[in-house]
Structures are given as C-alpha cells and as structure tokens.
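The chain contents come next:
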Amino acid sequence: MKRVRQWLAAWATFAVLVSPLPASAASAPIHFADLNWESGSLITDILRVIVEKGYGLQTDTLPGTTITLETALANNDIQVIGEEWAGRSPVWVKAEAEGKVIALGDTVKGATEGWWVPEYVIKGDPAKGIKPLAPDLRSVEDLVRYKHVFKDPESPDKGRFLNSPIGWTSEVVNKQKLKAYGLSDSYVNFRSGSGAALDAEISSTIRRGKPILFYYWSPTPLLGRFKLVQLQEPPFDAEAWKTLTDADNPNPKPTRSLASKLSIGVSAPFQKQYPDIAEFFSKVDLPIEPLNKALADMSEKRTPPREAAEAFLKAHPQVWQAWLPKEVADKVSAAL
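Bear in mind the structure is a predicted one, so any value in this text is a computation, not a measurement.

## Describing the side chain of Ser263
Structurally, Ser263 can be placed in strand E10 (residues 262-267). Only 2.9 Å separates the side chain of Ser263 from the backbone oxygen of Gly105, close enough to count as a polar contact. Ser263 has contacts with Ile81, Gly82, Glu83, Glu84, Ala103, Leu104, Gly105 and Thr107, leaving out every residue within four places of it along the chain.

Structural data, given as structure tokens:
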C-alpha cells in the first residue's frame, strides 16, 4: 500500500510538471494601445514587429481615446503606449506619481505642436493666384482681427479653429487656450471625428488654396508636405499649463504648450516582467526626417501601418539595430 501511495504521489508531481500552462499564462499577448494618428500607429507597429520577431512574444492592440488608454495603462489592462506625450494629461501625471506608469526614452527628438496656418494665408502665392489675406498675422494675439479670414460656414460671424478630435489630451488644452487667448467669442471650436478626418480636412483645404487655422504636431507627413507657419504663443509657464490641462478650470491662463518629449509609455508590471524589452524601449531613437518621409509615403500610398513599419525596418537597419542586442537584431533581420 505504501508503494502505491508513493507511486500516486510521484505521478501527481509528474502530471503537474508536464501539464501545459493555462492559455492566459502561456500565450497572453502584450497589449499595445491602438493609436489613431499616423505617427502613433507607425511607431506602434515598428515596436510590435521587433517584439514579435526579435523576442518571440505575441502582441495585439486595443483601441480607445488618449485618456482611456492612459487609464488602462495605469491599470495594466494594456501594457504599452507606443507614442506617449508624457506629462501632458492629468491622468498620466497622477499615474506616474503613483508609480503605475513609466515613460521610457526620448523617441523622436525635434517633435513639436501648436497652432498653424498655411504660408499663403500670410504671404500669398502668386503662382496660384492667391493674395495674402492676413499679412500681419504672427501670433495668437492677432487672430481676433482675422476671424473673418477663417470664417466658419455655420457661424459666419465667427472664425473656425480646427481642434483635435474629442478624447485627445490636446483637444482639452486647445479648448482652454481659446478661452485663455480671449478667442471664445470670436472662433468656433470645431472638433474632427478622428485623426484621419483632421488630416483630410486640412489637406483638402490647403489643396484648394483656402484659409484654415488648425492645431497640429510633428512628426507627421503634413508638415513635410505643405508650407505652414506656426503662430507664436506666450512663453511657457508651468502654472498656466496646469490650467490648460484641467478641462474644468474656469479661468485658464495663456501659455505655449509643454515642450514636446515623445516617449514609450509602459505599465509598471510590464517593466518588471519584461526588463529586457523595457531596456530596448529606452533606447528607441527615431530620426525625424526619415520618420516623416515614411509617414508621408504611408499616407500618400495608403499603406497599412504594419506594412509601412516593415518597410521602415528594412530601409533603416542602422537605426533600429542600435537599440537591440545583436542576437535579437539578427532574429528581426532574418524575419524581415
């Protein structure tokens, strides 16, 4: 009987050792944020290709607005945000202070954001028969006297400011800036339905040679495709910035936006579980000129982000191989 019990105990131990792990433990993918703007989607897929091919791990993407995705990251419901403008939203600032999220690296140097107009609005374009409509427009302070130039078709007594889509952190900031710059009574705060809709509206208007005032950022194909002028704003003030990121602040103060620093946002559990990938993320450095060119090609040819990411990796091995250990880089090269 003793031998039977010993045999049963040994068999139970063996069964535990050879039993497969639950699917959730063995094959749970790394959840990336599904970012709905061009640079975000391209950078996300560049990272995903390397993680999948170099580290042999599964990934997927989950959609959401900037704020909901940052909340999900803090809760570890997603693990990676491929393009995080760290420090801009109260959600991120709170989660970072609590040690729930980490911003890794300085992924795109030279990034910027602000309010823009086409150059021909100020200087005209004789070749296209366009006369300057706002020759003295230099800063946001000048916009009050040029509201008729940017006339809103539905409220012709006001100008139209083309803002970010609802759900983006920048949409809140721009809404508050309209108040802070004294433009709420002069301009309609028009929000696009998506990043793609914002791009389409700007591109269509510029190709027709019409005036348009809009929020935009870099890296993007748009800034490389058209001649644009960024309007001057007051110097950055940290206390004023807090009033712009707070959607409920009734008295926002004027300031230019926080200096742009793009990072890869990760959850604290992810950094602990995958320190080698976190180390890779911290070394990501995407030169802005080839990145903007890749974004322009992706936009003009309507290339899916995954395909564009693989094309970028093939075209610029000297860029991404510097981020990785040689054995990981070799696996990615072989897969490509």
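## Overview of the environment of Ala308
Its place among the elements puts Ala308 in helix H14 (residues 305-315). You can call Ala308 buried: its relative accessible area is 10%. Residues Ala308 and Leu231, 77 residues apart in the sequence, show an inter-C-alpha distance of 32 Å. With residues up to four places along the chain from it excluded, the contact list for Ala308 reads Leu42, Met298 and Thr303.

## Overview of the pattern of salt bridges
With the rule as written, the count across this model stands at 18 salt bridges. With its nearest N and O atoms 3.7 Å apart, the salt bridge here joins Glu52 to Arg48. Remark: Arg48 and Glu52 occur in helix H3 (residues 38-55); sequence separation between them is 4 residues, near one turn of the helix. Across the pair, exposure class does not vary: Glu52 and Arg48 are buried alike. Lys326 serves as the salt-bridge partner of Asp330, at 2.8 Å between the closest nitrogen and oxygen. Remark: Lys326 and Asp330 occur in helix H16 (residues 326-335); sequence separation between them is 4 residues, near one turn of the helix. With a relative accessible area of 39%, Asp330 lands in the partly exposed category.

## Quick word on helix H4 (residues 66-74)
Along H4, the residues that are buried comprise Thr66, Leu69, Glu70, Ala72, Leu73 and Ala74. A positive phi of about 60 degrees marks Asn76, the residue just after H4.

## Comments concerning helix H12 (residues 275-282)
Of the positions making up H12, those classed as buried are Ile277, Ala278, Phe280 and Phe281. Each buried residue of H12 lies within a common arc of 155 degrees when the element is viewed along its axis, so the set occupies one face. Contacts from the buried residues of H12 go to strand E1 (30-34), H3, strand E3 (80-85), strand E4 (101-104), E10 and helix H11 (268-273).

## Comments concerning the pairing of strand E6 (residues 159-163)
Within E6, 5 of the 5 residues are buried, leaving the element largely enclosed by the surrounding structure. Burial along E6 is two-sided: Gly159, Phe161 and Asn163 and Arg160 and Leu162, pointing in opposite directions, are all buried. In this structure, E6 lies alongside strand E7 (residues 187-191), joined through 5 bridges in parallel fashion. Paired with Leu162 across the two strands is Phe190, which belongs to E7. In the classification by handedness, the crossover that spans E6, the intervening helix H7 (residues 169-180) and the parallel E7 is right-handed.

## Here we look at the packing of H3 against helix H13 (residues 288-301)
Two elements in contact, H3 and H13, have axes whose closest approach is 10 Å; the angle formed by their N-to-C orientations is 105 degrees. In this view, H3 runs roughly perpendicular relative to H13, as classed from their interaxial angle. Note on element contacts: H13 touches H3 through Leu291, Ala294, Leu295, Met298 and Ser299, opposite Glu38, Ser39, Ser41, Leu42 and Ile43. Split by residue class, the contact of H3 with H13 holds 6 nonpolar, 3 polar and 1 charged.

## Describing the packing of H4 against helix H5 (residues 90-97)
Put simply, H4 and H5 touch, their axes get as near as 9 Å, and they point 10 degrees apart. Judged by the angle between their axes, H4 and H5 are roughly parallel. Residue-level contacts link Ile67, Glu70, Thr71, Leu73 and Ala74 of H4 to Val91, Trp92 and Ala95 of H5. Class assignment of the residues belonging to the contact of H4 with H5 gives a composition of 6 nonpolar, 1 polar and 1 charged.

## Comments concerning the packing of aromatic side chains
This model, assessed by the stated rule, comprises 13 aromatic pairs. Judged by centre distance (4.3 Å) and plane angle (35 degrees), the rings of Trp115 and Phe161 are tilted. Placement of the pair is Trp115 in strand E5 (residues 112-118) and Phe161 in strand E6, with a sequence separation of 46 residues. Given a relative accessible area of 0%, Trp115 falls into the buried group. Geometrically, the ring pair formed by Phe280 and Phe281 is tilted, given 5.0 Å between the ring centres and 55 degrees between the ring planes. You can call Phe281 buried: its relative accessible area is 0%. Counting every residue linked through ring pairs, the aromatic cluster contains Trp37, Trp168, Phe214, Tyr215, Tyr216 and Trp217.

Calculation notes
Residues numbered from 1 in each chain as written. Predicted model: local features only at pLDDT ≥ 70, side-chain atom pairs only at ≥ 80, totals over all residues. Heavy atoms only, no water. Helix = DSSP H or I, 4+ residues; strand = E, 2+ residues; numbered from the N terminus. Polar contact = N/O pair within 3.5 Å; in protein donor to acceptor, adjacent residues only side chain to side chain. Contact = heavy atoms within 4.5 Å. Buried < 20%, exposed > 50% of the residue type's maximum accessible area, 1.4 Å probe, protein only. Salt bridge = Lys/Arg side-chain N within 4 Å of Asp/Glu carboxyl O. Arc of directions from axis to C-beta. Pairing = 2+ DSSP bridges. Right-handed = clockwise from strand over helix to strand, strands pointing away. Axes fitted to C-alpha atoms, helices over the stretch in contact; angles between N-to-C directions. Parallel < 35°, antiparallel > 145°, perpendicular 65-115°, else oblique. Nonpolar A, V, L, I, M, F, W, Y, C, P; charged D, E, K, R; others polar. Phe/Tyr/Trp six-rings, centres within 6.5 Å; stacked < 30°, edge-to-face > 60°.

Don't take any of this as a statement about function, it's just geometry.
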